[in-house]
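# Structure at a glance
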Amino acid sequence: MTLLTSAKILKLAGFALGLFAVQTFWGFTWATLPLYLKAMTQSNVATGIVISTAGITGLFFPVLAGMISDRISTPLGRRKPLIIAGWVLACVMILLLAQIDSLYWALPVILLAYAGFFLAIGPYFALLPDIFEESERTLASGVMFLVGGMGVLSYLLFAARSWETSPLLPFVWVVAAVSVSVTILCFAVEEPAGEGRRGHPALFSGIFCKKTLLKFLAGMALQWISLWMVSAFFVITCMALFGLGVERAVGAFFVLNASFVCFALPAGLLAGRLGMKKTTILGMAILAACFCLIPFIPSYGMLMVFMVIAGAGYGTVLAVSYPFFLSLLPEGNAAGYAGLYHACQNGTLLAGPVLAGWIIDSFGYTVLFYGAAAVMLAGMLVYLTVRSAPTDR
């Protein structure tokens with residue numbers, strides 16, 4: 001069992017606040033941005049296409065930022081300069097977006113905001129293998145998503161619900177939450193000493209020789225397409241299926257994420273006993289089952305019950321899949337591979353929201369959940385073919 005000293009606890013808490021910023025930003029993406037865009041476009045497909053433009057930067061920036069951070073050496077460290085630069089760009093663009101009411105101007109601002117966001121998260125996640133030993137990573141990941149979940153919960157509780165009465169508040173909240181949490185991260189976490197590497201392992205040429213890693217990335221891509229399909233239109237879909245207003249629909253999203261927060265740490269601990277592969281597949285199975293059953297829910301109260309169950313699966317998948325990925329990696333080039341993980345995850349933004357918008361406009365809101373369940377099950381089947389690392393159970 002990992003011995004947690006007071007110094008490790010402080011380092012872990014400081015590091016986890018970085019995910020507080022990330023999850024706050026995702027809360028804005030799924031709870032507020034679709035409403036902002038739907039008011040301009042009056043179309044689910046068009047809204048999905050605009051959100052998917054973020055996937056363009058998500059496909060490249062995490063890898064490039066991770067690789068650059070492996071090469072550089074600064075007084076702040078290798079990761080922090082890019083984390084800070086990315087978040088500054090994202091926050092400035094979000095403040096600008098709050099003043100824009102034209103889709104023509106909103107598009108480039110959204111693209112730049114997510115370019116900054118994805119520039120920051122590649123080096124941030126590379127800090128996990130930098131500062132925690134392999135035996136500490138499942139616990140660290142569980143705590144990271146526990147604290148990170150507080151970011152999306154606070155956003156949903158105090159900012160997103162105010163969209164109809166105070167539409168400026170969500171934008172200001174994101175910038176304030178990100179600024180404070182990233183500042184604490186930078187002061188609390190000291191990067192290990194080390195020079196940036198002049199040479200760099202052949203990340204892209206070598207990846208095609210690693211069949212296990214390719215299978216994992218394929219399964220994860222399907223997993224995230226499914227999650228993006230539901231997340232991008234969750235609030236809008238709940239409003240349509242259950243006749244809810246914005247506040248109650250956001251309330252359902254809040255319960256989902258509250259459950260995710262509660263189960264993130266237990267999922268990390270469970271993975272240490274059951275194994276990361278089995279735990280990840282368990283979480284995916286829970287999500288797929290919930291997606292299939294949600295259209296049959298007769299009342300808002302029952303919806304809340306299913307949000308708790310789905311949140312348990314969601315928290316399990318998020319908390320365990322990244323350390324599962326790290327367990328499959330060769331030594332070295334941690335940031336490059338971390339960037340590849342997030343490029344695969346966030347690059348699926350190119351597909352998930354567009355597919356969801358097309359399904360809704362073509363077949364209705366109910367079919368969205370069946371489609372998401374089918375994609376999730378496909379990802380689960382691919383994960384079953386992944387050979388676990390010797391250190392996994």
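Look up: the structure comes first, before these words.
Not measured: the values here are computed from a predicted model. (Residues numbered from 1 in each chain as written. Predicted model: local features only at pLDDT ≥ 70, side-chain atom pairs only at ≥ 80, totals over all residues. Heavy atoms only, no water.)

### Some points on the environment of Leu 37
- You can see Leu 37 is positioned in helix H1 (residues 6–41).
- The buried category is assigned to Leu 37, whose relative accessible area is 0%.
- Through-space distance from the C-alpha of Leu 37 to that of Leu 107 is 9.9 Å; in sequence the pair is 70 residues apart.
- With residues up to four places along the chain from it excluded, the contact list for Leu 37 reads Gln 42, Thr 47, Val 50, Ile 51, Leu 103 and Ile 110. (Helix = DSSP H or I, 4+ residues; strand = E, 2+ residues; numbered from the N terminus. Buried < 20%, exposed > 50% of the residue type's maximum accessible area, 1.4 Å probe, protein only. Contact = heavy atoms within 4.5 Å.)

### Re the packing of helix H10 (residues 234–242) against helix H16 (residues 365–384)
- Running from N to C, H10 and H16 cross one another at 130°; their axes reach a closest spacing of 9 Å. Classified by the interaxial angle, the pair formed by H10 and H16 is oblique. Here H10 contributes Ile 236, Thr 237, Ala 240 and Leu 241 to the contact with H16, which in turn contributes Tyr 365, Thr 366, Leu 368 and Phe 369.
- Across the contact of H10 with H16, the residue classes break down as six nonpolar, two polar and no charged. (Axes fitted to C-alpha atoms, helices over the stretch in contact; angles between N-to-C directions. Parallel < 35°, antiparallel > 145°, perpendicular 65-115°, else oblique. Nonpolar A, V, L, I, M, F, W, Y, C, P; charged D, E, K, R; others polar.)

### So, the pattern of salt bridges
- Within this structure, the stated rule accounts for two salt bridges.
- One salt bridge in this structure joins Arg 79 and Asp 130, with 2.7 Å as the shortest N-O distance. Taken together, the residues Arg 79 in the loop between helix H3 (54–71) and helix H4 (80–97) and Asp 130 in helix H5 (residues 103–131) connect sequence positions 51 residues apart.
- Residues Glu 247 and Arg 161 are paired through a salt bridge, measuring 2.8 Å at the closest nitrogen-oxygen approach. A residue pair is termed long-range when its members are at least 10 positions apart, and Glu 247 in helix H11 (residues 246–274) and Arg 161 in the loop between helix H6 (137–158) and helix H7 (169–188) qualify at 86 residues. (Salt bridge = Lys/Arg side-chain N within 4 Å of Asp/Glu carboxyl O.)

### Considerations on unusual backbone geometry
- Of note in this structure, Gln 42 is not a glycine but carries a positive phi near 60°.
- In this fold, Gln 42 is placed in the loop between H1 and helix H2 (44–52).
- For Gln 42, a relative accessible area of 60% puts it in the exposed group.

### Comments concerning the packing of aromatic side chains
- Applying the stated rule across the entire model yields 32 aromatic pairs.
- On the basis of an interplanar angle of 85° and a centroid distance of 6.2 Å, the ring pair of Tyr 114 and Phe 117 is categorised as edge-to-face. Within this pair, Tyr 114 and its partner Phe 117 are both found in helix H5, separated by three residues, close to a single helical turn.
- Accessibility expressed as a relative area gives 2% for Tyr 114, which makes it buried.
- Among the residues examined, Phe 117 registers a relative accessible area of 0% and is labelled buried.
- What links up through ring pairs into an aromatic cluster is the set Phe 25, Trp 26, Phe 28, Trp 30, Tyr 36, Trp 87, Tyr 114, Phe 117, Phe 118, Phe 171, Trp 224 and Trp 228. (Phe/Tyr/Trp six-rings, centres within 6.5 Å; stacked < 30°, edge-to-face > 60°.)

Keep in mind that these numbers describe shape and distance, not what the molecule does.
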